[in-house]
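# Chains, contacts and geometry: an overview
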Amino acid sequence: MKTRFITLFLLLYVAKSFAQNIPRAPIQINSIDSTVVYKLFPTQNAFTFIKLNTRNGQMWQVESNKSNKNKAVTTLSAISLANKDEERNGRFVLYQTFNIFDFILLDQIDGRMWQITWGREKDRKVLLIE
């Protein structure tokens, strides 16, 4: 009986050691306050955030660190994605993806979506998902 228990234990231990780790879905952090115009969304980089204008979809990459070096706010998208008369607080929201440099921007009114890529200047892009 003791031998069977030890064998079963070893088999389960070996099976667990070969099991794959399944990545968890990114955690979405959103303020429930839909009356605000601007929101900061964290990236998986401790020093980088995405600032979103929730009325029109404009975005900026915000970089900070403990020293005074490399602090910057750079434009990701200066183009308004909503007509001026259709702008509403909370209209746009960002969702993280499994790629640390990509987010999905969702227009919560008409359902349009964009792939947002942040990073170095040459890597940044905003692409409509059709």
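In the block above lies the structure referred to throughout.
Residues numbered from 1 in each chain as written. Predicted model: local features only at pLDDT ≥ 70, side-chain atom pairs only at ≥ 80, totals over all residues. Heavy atoms only, no water.

With that settled, the discussion passes to the overall build of the chain. Helices and strands together make up the secondary structure of the chain, namely one helix and eight strands. Going from N to C terminus, the chain has its helices and strands arranged as α-β-β-β-β-β-β-β-β. Within the chain, the proportion of its 130 residues that are buried is 27%. Once local pairs closer than 6 in sequence are excluded, the contacts in the chain between residues at least 24 apart make up 35%. Approximately 9,500 Å² of the chain is accessible, and the part contributed by carbon and sulfur atoms is 59%. (Helix = DSSP H or I, 4+ residues; strand = E, 2+ residues; numbered from the N terminus. Buried < 20%, exposed > 50% of the residue type's maximum accessible area, 1.4 Å probe, protein only. Contact = heavy atoms within 4.5 Å. Areas by Shrake-Rupley, 256 points an atom, 1.4 Å probe, with all protein chains shown as cover.)

Before going further, it helps to examine the sheet that holds strand E4 (residues 72-77). Spatially, the four strands line up as an open sheet ordered E1-E2-E3-E4, and their pairing is antiparallel. Edge positions in the sheet fall to strand E1 (38-42) and E4, since each has one partner strand and no second. Going across the sheet, the axis of each strand differs from the next one's by a mean of 25 degrees, ignoring polarity. Taken together, the five bridges between strand E2 (residues 48-53) and strand E3 (residues 59-63) define a ladder with antiparallel strand orientation. Note on E3: the bridge partner recorded for Lys51 is Trp60. (Pairing = 2+ DSSP bridges. Axes fitted to C-alpha atoms, helices over the stretch in contact; angles between N-to-C directions.)

Before going further, it helps to examine the packing of aromatic side chains. Scanning all chains against the criterion turns up three aromatic pairs. Where Tyr38 meets Trp60, the ring centres are 6.2 Å apart and the plane angle is 55 degrees; that geometry is what we call tilted. Separated by 22 residues along the polypeptide, Tyr38 in strand E1 and Trp60 in strand E3 bring together distant segments of the chain. Trp60 sits in the buried class, given a relative accessible area of 18%. Between Phe101 and Trp118 the ring centres are 5.0 Å apart and the planes differ by 55 degrees, which places this aromatic pair in the tilted class. Here Trp118 lies in the loop between strand E7 (113-117) and strand E8 (125-129) and Phe101 lies in the loop between strand E5 (92-96) and strand E6 (102-107), a separation of 17 residues in the sequence. (Phe/Tyr/Trp six-rings, centres within 6.5 Å; stacked < 30°, edge-to-face > 60°.)

Let us look at the pattern of salt bridges. Note that side chains of opposite charge can pair when their charged atoms are close. Across all of its chains, the model carries six salt bridges by this definition. Residues Asp110 and Arg112 are paired through a salt bridge, measuring 2.8 Å at the closest nitrogen-oxygen approach. For Asp110, a relative accessible area of 40% puts it in the partly exposed group. The residue Arg120 makes a salt bridge to Asp123 at a minimum N-O spacing of 3.0 Å. Owing to a relative accessible area of 55%, Arg120 belongs among the exposed residues under this scheme. Take Asp123: its relative accessible area is 32%, and that puts it in the partly exposed class. A network of salt bridges, in which partner residues are shared, links Arg91, Asp107, Asp110 and Arg112. (Salt bridge = Lys/Arg side-chain N within 4 Å of Asp/Glu carboxyl O.)

Structurally, Asp107 can be placed in strand E6. In this structure the side chain of Asp107 is engaged in a polar contact, spanning 2.8 Å, whose partner is the side chain of Arg91. Within polar-contact distance, the side chain of Asp107 engages the backbone nitrogen of Ile109 at 2.9 Å. (Polar contact = N/O pair within 3.5 Å; in protein donor to acceptor, adjacent residues only side chain to side chain.)

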